[in-house]
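# An overview of the molecular structure
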Amino acid sequence: MKIYGARLSPYFERLYLQVQAKGLKGKVEFPGVPGGDLKSAEYLAINPMGKIPAMDDDGFLLSESWAISEYIEEKFPEKPMMTGDMRQRAKIRAIGRICDFEVLPPVNALYALKAKGIEEGENLEAEFLKLNRALDCVEMFMEGGDFAFANVLSLADFSLMANVFFLGDVYKSFGRDLAAGRPKLGHWLGVHTTTDSYKEAVKIRATQLADLRKRKAAAAKK
Ligand SMILES: N[C@@H](CCC(=O)N[C@@H](CS)C(=O)NCC(=O)O)C(=O)O
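Residues numbered from 1 in each chain as written. Predicted model: local features only at pLDDT ≥ 70, side-chain atom pairs only at ≥ 80, totals over all residues.

## With respect to the overall build of the chain
Across its full length, the chain holds eight helices and three strands. Start at the N end of the chain and walk to the C end: the helices and strands fall as β-α-α-β-β-α-α-α-α-α-α. The C-alpha atoms of the chain give 18 Å as radius of gyration, which agrees with the globular expectation for 222 residues (17 Å, within 12%). Expressed as lengths along the three principal axes of its C-alpha atoms, the size of the chain is roughly 55 × 50 × 30 Å. Looking at the chain as a whole, 30% of its 222 residues are labelled buried. For the chain, restricting intrachain contacts to residue pairs at least 6 apart in sequence, the fraction spanning at least 24 positions comes to 68%. (Helix = DSSP H or I, 4+ residues; strand = E, 2+ residues; numbered from the N terminus. Rg over C-alpha atoms; globule rule 2.2 N^0.38 Å. Buried ≥ 20, exposed ≤ 12 C-beta atoms within 10 Å, placed from the backbone. Contact = placed C-beta atoms within 7 Å.)

## Re helix α6 (residues 155-173)
The terminal C-alpha atoms of α6 lie 28 Å apart, and with 19 residues this matches the ideal 27 Å at 1.5 Å per residue to within 8%. Of all the bends in α6, the greatest, near 45°, is centred on valine 164. Burial analysis of α6 places 14 of its 19 residues in the buried class, the great majority of the element. Looking at the residues trailing α6, positive phi occurs at glycine 175, about 70°. (Expected span 1.5 Å × (residues − 1). Bend = angle between axes of the 7 residues up to and from the residue.)

## Here we look at the pairing of strand β3 (residues 60-63)
As paired elements, strand β2 (residues 54-57) and β3 share four bridges and run antiparallel to each other. Across the sheet, residue aspartate 57 finds its bridge partner in β3, namely phenylalanine 60. Following β2, the chain reverses through two residues before pairing antiparallel with β3; aspartate 58 in that reversal takes a positive phi of roughly 55°. (Pairing = 2+ DSSP bridges.)

## Here we look at the environment of threonine 193
Locating threonine 193 in the fold gives a position in the loop between α7 (183-192) and α8 (196-221). For threonine 193, a count of 16 C-beta atoms within 10 Å translates into the label partly exposed. The spacing of threonine 193 and glutamate 70 is 123 residues in sequence and 25 Å in space, taken between C-alpha atoms. Excluding anything up to four places from it in sequence, threonine 193 contacts Val164 and Tyr198.

## Notes on the packing of helix α1 (residues 10-21) against helix α3 (residues 65-75)
Here α1 crosses α3 at 10°, and the two axes come no closer than 9 Å. Here α1 is positioned roughly parallel relative to α3, judged by the angle of their axes. Of α3, the residues touching α1 (which contributes Tyr11, Arg14, Leu15, Gln18 and Val19) are Ser65, Ile68, Ser69 and Ile72. Split into classes, the residues belonging to the contact of α1 with α3 amount to five nonpolar, three polar and one charged. (Axes fitted to C-alpha atoms, helices over the stretch in contact; angles between N-to-C directions. Parallel < 35°, antiparallel > 145°, perpendicular 65-115°, else oblique. Nonpolar A, V, L, I, M, F, W, Y, C, P; charged D, E, K, R; others polar.)

What follows is the structure in structure tokens.
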């Protein structure tokens, strides 16, 4: 199986973390982006949306990161990451969707405001309100141990891990505290952002972010 993408993408990162945690080295490869560009003819033939991630399992092509996550779980049922009982699994899915649909859009909007030099004002507060509400919901769903649910690693943890890099950055860059008033998330951050693998991920993603910014700046000058 091949999964295309780059670790800077939270959607790709979630899959990368899932594959590592399940011990699928040798069974799943990460060959980058065919054609070197999301909108290259080669990559559009794999995912016509021109987005990462995408998967190729022996000619079976699939995009949409959550669908790929569940496919991986079904194909490799050993070390399950959709853990717990029916209600816990429902909440794992809910956290995944909150991260994808409610957290990422305001995070991106806040990065855009930062890039324009906007440090305060109504627009900024409106985006933080959306983000804070999404995270309050995550806080409500989490169980409060070292992991999001059932005291065992699950897809919910990967959703959080994949987003914390940008989330932490955005709160810090506007002088705010991601964990304020969220003790369960605060505890989780203490456990999961101090590991060597997280520190390694931060380095890789910071390098990829710097490269992306350079490429965007060069493209804007043309
Ligand atoms: N719903 C998709 C979202 C994928 C997505 O938006 N990926 C971003 C990277 S983080 C992308 O490829 N953006 C390129 C573009 O929109 O042109 C999923 O869950 O896989």
